[in-house]
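# Structure at a glance
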Amino acid sequence: MAVNEAIKLRNNRLAQYYGMFTVGLIIFSLIMGALELGAGMPKAWIGWTFLMLTMGLYAFIGIMSRTKILDEYYVAGRNVPAVFNGMATGADWMSAASFISMAGTLYALGYDGLAYIMGWTGGYVLLALLFAPYIRKFGQYTIPDFVGTRYGGRWPRLVAAICAIIVSLTYVTAQVVGVGIIMSRFIGVPYEWGVVIGLSGVLVCSFLGGMKAVTWTQVAQYIILIIAYMIPVTFLSLKLTGFPIPQLSYGQALQNITRLESELKIATESTARDGTGRIIQGGYVPAYNEGLSNAAAVSAINQINTYFGVNITPPKAQSIPDTSKPAEEIQPDWRGTPWNFLALTFCLMVGTAGLPHILIRFYTVPSVRESRLSVGWALFFIFLLYFTAPAYAAFARWEILQNVVGKEISSLPEWTQNWSRLGLITQRDYTTLDGRDIDKLPAWAAPQVKSGALVINDANGNGKIDLAGATFSETEVDGKKVGTFGELSGTVITKTSVDGILQFSELNIDPDTIVLATPEIAGLPYTVAALIAAGGMAAALSTADGLLVVISSAIAHDFYYRIINPKASMNTRIWLGKTMLVVAAVIAALLALPRLALIAQMVAWAFSMAASSFFPVILLGIFWKRCNGPGAIAGMIGGLSVTLFYMYSNYVDPSFNVLGITHLAAGIFGMPVNFLLCYIVSKLTAAPSQEIQDLVDHLRSPELDDELMTSIAGGKQAAGAH
Amino acid sequence: MSDIANMSRQERINAYWKENNRLIAILLTIWFSVAYIPPLFVNQLNQITIAGFPLGYYFGSQISLIVFVVLIFYYAYAMNKLDAKYHLKDRDK
């Protein structure tokens, strides 16, 4: 058929464009590497060139895809082939957190961190089997469209639109923070400028071309981010194991980690904290070592108090088990049980399938058939990165146990010194304070002085800490051991804390460091680091793009067109969509400026919220005809309330918990409540109209009929407008 | 197969839906067993080592992920066949 021929021709052309782009990117990187090594091109130039070139490319795609057609603006004309939609979904999904922080989380958590790896991939199975084909068949513009049409009336649509906006706005704010951090770290511009430059990159693309431009940019961004992610770890694997396929060779790293941990007695004796304040105890490979703590809540509230000058009382710091207490007083805890791991994995999976910015990508494929295939491609492209992240973590852990822990601080490898200077690696050995100004203590030591655990006695009055030639001595005061070392004394001064050797427990690594420092650990040129920065930017910008489309369409389409003014013309709707895009971007930038820790926390909560609100309602909407509007509203409100209640309670007071499940997995309690309420209330109220039941039958059949669907979806409003 | 030819459109959709649900149930059972059973026995599985990988860790970091990808592609393939069987072919656009 002629139509098929035309599609084939177009797909071939697309494959050619992106193939040429991939080759071009590799050649460009090689040239930059040669200029750096051969001609000594300065680092700042390399960073700027990568940045300008990639941002210029996104702007170019945006301009080429500019459109005034509604279907192109909201759903990319519904003609994105499965493979390309898969790549776009991959970039849409993988955020700054996946690209930069996930390997660091795995580094800190060991096996327990695999809940993220399994959760964020296994969710696509649910998406493929339960949602994607029916979303495509429904063939409208937004997720509130689906909820509003299936359950009838304004309220379900409104509730869904508000949920979509809240989830997407916190998520996009986290991306903007990511953009600011990458720009300031690699290009050296101030964080605030990084935010502005990054956001203008997002806007150039999505403002002109909406979903169409976003889609084709995301495909390019996927290619950049996956290449950037693969190169450093491949070289690191080659350096450490002599084998260039990290996904296969990091087993050797795991073996070495286990051996070094038992040699250094890490698995049995030490505790450390990861970036979010969770207590990690035990080895890397053995499972379920994570305790409960409200350190994240305490620091988030303190940060808010400082930034806004308010005075909210933070909760009393608590951790279970409480490692500051002697062993016999420690309360029994849930370490060693799999419940939190299983609950978290489940919430992440279910939440993934319920996130609006991922669901809308399946409106953009040409057919139901392609939508099923497209989820497969999406997961395949995501899999490539998630399959590799544990290798990054394992190699970094091996390198650190081998060459950093237990070594003299003065002789640590150069990369450790570099990242220590940037504050991403903290060495809490007190000999590092030698020669420091007393009023300029590092962030880890200052609170100890405040609490009295560390006392500085400036004997010679020069305003600096002098430790030259100091020796350690210990006395017992009121049953507590107090150490003295030169001008330092206090309960934190112990024999090992002043021996000039970096213990595992004295080392704190920011999760972002693992991916960012890998090029240096592997001894690669700066060009590779610049490529990583471009990849991180691509990950953050592509996710931000997708989220901004969700927010702008929830307001312009669901709120304005469907609820307030159903007679609005196409031009008005596109114009309003574009305006809302800019407004949402500006709000996200303003929210990102304080860099609140609470934002990262909210992103982690988004999965539990999506799991206990959207997921059950969309699922029952397709698979249970009898489910009705009152049931859906009761389910969403009840499920979300239970989740928020558990989340808040456990966040501030970790002694409130069921089976040791943390606030991150609170959705495990809200989701069944949603299902149950939805079932009971639906049964107690009238069955949905025949019209709606017919709609469900239409959804279940794969024969595509977009015009019919539009007339059903738009029917109510159109009738009301007459 | 002649049964299907004599069915009304609604009957075909109902039969198709039943088969679809059965397939979904089977695939979700596999999905569940791969994702949620090995973590229960992770420390025992870790006693076995394959190419340096402790098996419990390997399940979480690689095997389950590969199974997820395969499950989705298999579903796409099986559903295409099911569409054809019940003459519910997706319209070309």
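Residues numbered from 1 in each chain as written. Chains lettered and ligands numbered in written order. Predicted model: local features only at pLDDT ≥ 70, side-chain atom pairs only at ≥ 80, totals over all residues.

## Concerning the overall build of chain B
Looking only at helices and strands, one finds four helices and two strands in chain B. For chain B, the α and β elements follow one another from N to C terminus as α-α-α-β-β-α. Here the C-alpha atoms of chain B give a radius of gyration of 19 Å, more than 25% beyond the 12 Å that 2.2 N^0.38 yields for 93 residues. With the C-alpha coordinates of chain B rotated into their principal frame, the extents come out at 60 × 25 × 20 Å. Each of the 93 residues in chain B was classed as buried or not, and the buried ones make up 33%. Partitioning the contacts of chain B with sequence separation of at least 6, the portion at a separation of at least 24 is 50%. (Helix = DSSP H or I, 4+ residues; strand = E, 2+ residues; numbered from the N terminus. Rg over C-alpha atoms; globule rule 2.2 N^0.38 Å. Buried ≥ 20, exposed ≤ 12 C-beta atoms within 10 Å, placed from the backbone. Contact = placed C-beta atoms within 7 Å.)

## As for the overall build of chain A
The helix and strand inventory of chain A stands at 27 helices and ten strands. In summary, chain A has a C-alpha radius of gyration of 27 Å against a globular reference of 27 Å for 722 residues, a match within 12%. Along the first, second and third principal axes, the C-alpha atoms of chain A reach 90 × 65 × 45 Å. Out of the 722 residues belonging to chain A, those deemed buried represent 53%. The long-range fraction of contacts in chain A, counting pairs at least 24 apart against all pairs at least 6 apart in sequence, stands at 79%.

## Observations regarding the interface of chain B and chain A
Contacts between chain B and chain A engage 39 residues on the former and 43 residues on the latter. When contributions to the side of chain B that touches chain A are tallied by element, the ones reaching two or more residues are α2 (9-36), α3 (42-45), β2 (53-54) and α4 (55-85) of chain B. When residues of the side of chain B that touches chain A are assigned to their parent elements, the largest contribution, 17 residues, is made by α4(B). For the side of chain B that touches chain A, the class distribution of residues is 25 nonpolar, nine polar and five charged. (Nonpolar A, V, L, I, M, F, W, Y, C, P; charged D, E, K, R; others polar.)

## A closer look at the packing of helix α10 (residues 246-263) of chain A against helix α16 (residues 389-403) of chain A
Residue and element names in this part refer to chain A. At a minimum axis separation of 8 Å, α10 and α16 run at an interaxial angle of 35°. Regarding α10 and α16, the two cross each other, and that crossing is left-handed. Contact residues: Pro246, Gln247, Tyr250, Ala253, Leu254, Asn256, Ile257, Leu260 and Glu261 in α10; Pro390, Ala391, Ala394, Phe395, Arg397, Trp398, Leu401 and Gln402 in α16. Here the residues of the contact of α10 with α16 are counted per class, giving twelve nonpolar, three polar and two charged. (Axes fitted to C-alpha atoms, helices over the stretch in contact; angles between N-to-C directions. Left-handed = near helix turned anticlockwise from the far one by under 90°.)

## Description of α16(A)
With 15 residues, α16(A) extends 21 Å between its outermost C-alpha atoms, agreeing within 8% with the 21 Å of an ideal straight helix rising 1.5 Å per residue. Burial analysis of α16(A) places 13 of its 15 residues in the buried class, the great majority of the element. (Expected span 1.5 Å × (residues − 1).)

## Section: the environment of A:Val204
All names here are of chain A. Among the structural elements, valine 204 can be located in helix α9 (residues 191-241). Separated by 144 residues in the primary sequence, valine 204 and phenylalanine 60 have C-alpha atoms spaced 8.9 Å apart. In contact with valine 204, not counting residues within four places along its chain, are Ala59 and Gly62.

## Describing the confidence of the model for chain B
All names here are of chain B. For chain B, the average pLDDT comes to 88, and 94% of its residues sit at 70 or higher. Ranking the elements of chain B by mean pLDDT puts helix α1 (residues 2-6) last, at 73, and α4 first, at 94. In the model output, the complex is listed with pTM 0.90 alongside ipTM 0.94. (pLDDT = per-residue confidence, 0-100.)

## Concerning the sheet that holds strand β8 (residues 480-485) of chain A
Residue and element names in this part refer to chain A. Spatial ordering of the open sheet is given by β6-β9-β8-β7, a layout of four strands whose pairing is antiparallel. Both outer strands of the open sheet, β6 (455-456) and β7 (472-477), are each paired with one neighbouring strand and no more. As defined by bridge partners, β8 adjoins strand β9 (residues 488-490) across three bridges and the pair is classed as antiparallel. Within β9, the residue paired with phenylalanine 485 across the bridge is leucine 488. (Pairing = 2+ DSSP bridges.)

## Quick look at the packing of helix α24 (residues 629-652) of chain A against helix α25 (residues 667-684) of chain A
Between two packed helices, the angle of one axis relative to the other and the distance separating the axes together describe the packing. Residue and element names in this part refer to chain A. Taken N-terminus to C-terminus, the directions of α24 and α25 make an angle of 155°; their axes are 7 Å apart at the nearest point. Taken together, the axes of α24 and α25 lie roughly antiparallel to each other. Relative to α25, α24 is oriented so that their crossing is right-handed. Seen from α24, the contacting residues are Pro630, Gly631, Ala632, Ala634, Gly635, Met636, Gly638, Gly639, Leu640, Val642, Thr643 and Tyr646; seen from α25, they are Gly667, Phe669, Gly670, Met671, Val673, Asn674, Phe675, Leu677, Cys678, Val681 and Ser682. When grouped by side-chain class, the residues that make up the contact of α24 with α25 number 14 nonpolar, nine polar and no charged. (Parallel < 35°, antiparallel > 145°, perpendicular 65-115°, else oblique.)

## Concerning the nonpolar core
Core analysis: the largest hydrophobic core is formed by 236 residues, its most contacted members being A:Leu225, A:Phe395 and B:Ile72. Of the residues forming this core, the biggest block, 25 residues, is contributed by α9(A). Excluding its chain neighbours within four sequence positions, the residues that come into contact with A:Leu225 are A:Ala91, A:Met94, A:Phe99, A:Gly535, A:Ala538 and A:Ala539. (Core = buried A, V, L, I, M, F, W, Y, C linked by C-beta atoms within 7 Å.)

## As for helix α17 (residues 414-421) of chain A
Residue and element names in this part refer to chain A. Within the sequence span of α17, burial applies to Trp415, Thr416 and Trp419. The arc that holds the buried residues of α17, viewed along the axis, is 100°, so those residues lie on one side. In this structure, α17 carries Glu414 and Arg421 as exposed residues pointing more than 90 degrees from its buried face. Each element contacted by the buried residues of α17 is listed here: β5 (425-427) and α19 (513-521). Directly after α17, the chain includes glycine 423, whose backbone phi takes a positive value near 85°. (Arc of directions from axis to C-beta.)

## Re the domain arrangement of chain A
With domains assigned, chain A is organised as domain 1 (42-229 + 342-393 + 540-721) and domain 2 (430-499). Taken over C-alpha atoms, the centre of domain 1 of chain A sits 50 Å from the centre of domain 2 of chain A. (Domains from an automatic or database assignment.)

## Examining the environment of A:Pro42
Relative to the helices and strands, A:Pro42 is located in the loop between α1 (2-39) and α2 (43-64). Measuring from C-alpha to C-alpha, the distance between A:Pro42 and A:Tyr526 comes to 9.4 Å, with 484 residues separating the pair along the chain.

## Some words on the confidence of the model for chain A
Residue and element names in this part refer to chain A. The share of residues in chain A with pLDDT of 70 or more is 94%, and the mean pLDDT across the chain is 86. The secondary-structure element of chain A with the lowest mean pLDDT is strand β1 (residues 271-273), recorded at 43, while α25 shows the highest, at 95. Segment residues 268-280: pLDDT under 50, and 34 contacts once partners within four positions in sequence are set aside and those in other chains are kept. Here residues 716-722 is a poorly scored stretch, pLDDT under 50, and it has six contacts once near neighbours within four places are set aside; other chains count.

## Things to note about the pairing of β8(A)
Residues and elements named next belong to chain A. Both β7 and β8 contribute to a ladder of six bridges, which runs antiparallel. By the bridge assignment for β8, glutamate 476 is matched with lysine 481. Connecting β7 to the antiparallel partner β8 that follows it, the hairpin turn spans two residues, and aspartate 478 within it adopts a positive phi of roughly 50°. Counted along the chain from β8 to the antiparallel partner β9, the turn is two residues long, and its residue glycine 486 has a positive phi close to 60°.

## Some remarks on the environment of A:Ile456
Residue and element names in this part refer to chain A. Turning to its location among the elements, isoleucine 456 is positioned in strand β6. Assessed through the 17 C-beta atoms surrounding it within 10 Å, isoleucine 456 is described here as partly exposed. Residues isoleucine 456 and glutamate 487, spaced 31 residues apart in sequence, show a C-alpha to C-alpha distance of 5.9 Å. When residues no more than four places from it in sequence are discounted, the contact partners of isoleucine 456 are Ile438, Val449, Ile465, Glu487 and Leu488.

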